[in-house]
Amino acid sequence: MSEVKIAAEVRTQFGKGAARSVRRENKVPGVVYGHGTEPVHVTLPGHELLLALRTPNVLLSLDIDGKNELAIPKAVQRDAIKGYLVHVDLILVKRGEKVTVEVVVETEGELAPGSFLVENVLNTLSVEAEATHIPESVTVSIAGLEAGDSIHAKDIALPKGTTLVTDPEAVVIQILAAQAEEPAAEAAEGEAAEGAEA
């Protein structure tokens, strides 16, 4: 898992006006908390943070006034229309500490021949992992599966040192038969065509 170094400045001004002026400087307001410490309000470099957050569950090495802290994103707020970062909550972690996070489930392989659809019932799995070894994603093979087949959380192989928190019996992926086009719709189209010819 990648560790990204980011310099954070302690913020002393709060409120919407202060947050707007921070964003005008291409910076992002945030809060760092955890381990029973008082929350620290910080300002983070916008572009660097945006790049770092492309990696799910990225481990951030924060330089806060010369003190180095490790943190992972807890909540990220983006502008609904333009997509820029509005605010970020970061939670402090320590090397060797176990944390519970959501990891993305990715699929690989081809389904059995036929008209089948993959339904992702769960897009993420809740897992516990060491803070500096959080997997970015987990991959599951759907090769050869057909309608009626399903994959449960317990069926997915997790990286070493990672344990499942999601209910093991939870269905993550199920394979459905593709629905044929409605015969009634085809009949209606036929009648419309006949009417046009008349």
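For the structure, check the block above.
None of the values given here were measured: they were computed from a predicted structure. (Residues numbered from 1 in each chain as written. Predicted model: local features only at pLDDT ≥ 70, side-chain atom pairs only at ≥ 80, totals over all residues. Heavy atoms only, no water.)

K.L.:
Just give me the short version of the overall build of the protein, but keep the residues and values in it.
P.N.:
Broken down by element type, the protein carries three helices and 13 strands. Residue burial in the protein is summarised as follows: out of 198 residues, 32% are buried. Relative to all contacts within the protein whose residues are 6 or more apart in sequence, the contacts with residues 24 or more apart total 64%. With the model as given, the accessible surface of the protein reaches about 11800 Å², and the carbon-plus-sulfur share is 51%. (Helix = DSSP H or I, 4+ residues; strand = E, 2+ residues; numbered from the N terminus. Buried < 20%, exposed > 50% of the residue type's maximum accessible area, 1.4 Å probe, protein only. Contact = heavy atoms within 4.5 Å. Areas by Shrake-Rupley, 256 points an atom, 1.4 Å probe, with all protein chains shown as cover.)

K.L.:
Run through the sheet that holds strand E8 (residues 116-120), naming residues and quoting values.
P.N.:
Two modes of strand pairing occur in sheets, parallel and antiparallel, and in both the strands are linked by backbone hydrogen bonds. The sheet built from three strands is open, its strands ordered E8-E13-E11 with antiparallel pairing. Whereas interior strands pair on both sides, the edge strands pair on one side only; in this sheet they are E8 and strand E11 (150-152). The sheet shows a mean angle of 10 degrees between the axes of neighbouring strands, taken without regard to direction. The pairing of E11 with strand E13 (residues 171-177) spans three bridges and is antiparallel. Looking across to E13, one finds that Ile151 is bridged to Ile173. (Pairing = 2+ DSSP bridges. Axes fitted to C-alpha atoms, helices over the stretch in contact; angles between N-to-C directions.)

K.L.:
Could you give an account of the sheet that holds strand E6 (residues 85-93), naming the residues involved and the relevant values?
P.N.:
Here we have six strands rolled up into a closed barrel, ordered E1-E3-E2-E6-E5-E4, and mixed in their pairing. Taken over all neighbouring pairs, the strand axes of this sheet differ in orientation by 45 degrees on average, direction set aside. Sheet analysis places strand E1 (residues 3-10) next to strand E3 (residues 37-45), joined by two bridges and oriented antiparallel. Each residue of the ladder has a partner; that of Glu9, found in E3, is Thr43.

K.L.:
Summarise the nonpolar core; cite the residues concerned and give the values.
P.N.:
Val105, Leu125, Ile156 and Ile173 are the most contacted members of the largest nonpolar core, which has 23 residues in total. Looking at this core, the elements that each hand over two or more residues are strand E5 (67-78), strand E7 (98-108), strand E9 (124-130), strand E10 (137-141) and E13. In terms of residues, this core owes the most to one element, E7, which gives four residues. With sequence-adjacent residues up to four places away left out, Ile156 is seen in contact with Val105, Leu125, Val138, Val140, Ile151 and Val172. Within the second largest apolar cluster, 18 residues are counted, among which are Ile6, Leu44, Leu49 and Leu62. (Core = buried A, V, L, I, M, F, W, Y, C linked by side-chain atoms within 4.5 Å.)

K.L.:
Please give an account of unusual backbone geometry that cites residues and values.
P.N.:
Comment: phi is negative for the bulk of residues other than glycine, and the bulk of peptide bonds are trans. The residue Asn57 is not glycine, and still its phi comes out positive at about 55 degrees. With respect to the helices, strands and loops of the structure, Asn57 is situated in the loop between helix H2 (46-52) and strand E4 (59-64). A residue is classified by how much of its surface remains accessible, and Asn57, at 15% relative accessible area, is buried.

K.L.:
So what about the pattern of salt bridges? Which residues, and what values?
P.N.:
Here the structure, examined in full by the defined rule, presents three salt bridges. Across the pair Glu69 and Lys67 runs a salt bridge, and its minimum N-O distance is 3.3 Å. (Salt bridge = Lys/Arg side-chain N within 4 Å of Asp/Glu carboxyl O.)

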